[in-house]
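Residues per chain, in single letters:
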Amino acid sequence: MRVEVDVPKCVASGQCVLLAPDVFDQRDEDGMVVLLDESPPAELHGAVRESATVCPAAAIRLTES
C-alpha cells in the first residue's frame, strides 16, 4: 500500500490521526495532516483504509499493490 495526502484539501478534522497515529499526524500550528509513513506495514492497512474512508475532505489517496 502507498499513501498520499492532498494537504490543501485537508480540513484538520484529525480522524486519520485518531485511527492511524503511526501513519498520520497533524501540524501544531494549523492541524493540517502530516504523512509519517507513505508505505505502512500490512498490520496498519486496515486502519489506513478506514482513515481514507472517513476523511471528510477525501484528502487521503491509497494505492494498493
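Reading the values: the criteria
- Residues numbered from 1 in each chain as written.
- Predicted model: local features only at pLDDT ≥ 70, side-chain atom pairs only at ≥ 80, totals over all residues.
- Heavy atoms only, no water.
- Helix = DSSP H or I, 4+ residues; strand = E, 2+ residues; numbered from the N terminus.
- Buried < 20%, exposed > 50% of the residue type's maximum accessible area, 1.4 Å probe, protein only.

1. Section: unusual backbone geometry
Stage number 1. One non-glycine residue, Ala-12, adopts positive backbone phi at about 60°.
Stage number 2. Relative to the helices and strands, Ala-12 is located in the loop between β1 (2–5) and α1 (15–19).
Stage number 3. Judged by relative accessible area, Ala-12 falls into the partly exposed class, the value being 28%.
Stage number 4. Positive phi, normally seen in glycine, also occurs at Ala-58, with a value near 50°.
Stage number 5. Structurally, the position occupied by Ala-58 is in the loop between α2 (45–54) and β4 (60–63).
Stage number 6. The class of Ala-58 is partly exposed, set by a relative accessible area of 46%.

2. Description of the environment of Pro-41
Stage number 1. In this structure, Pro-41 sits in the loop between β3 (33–35) and α2.
Stage number 2. Distance in space between the C-alpha atoms of Pro-41 and Gly-14 is 21 Å, their sequence separation being 27 residues.

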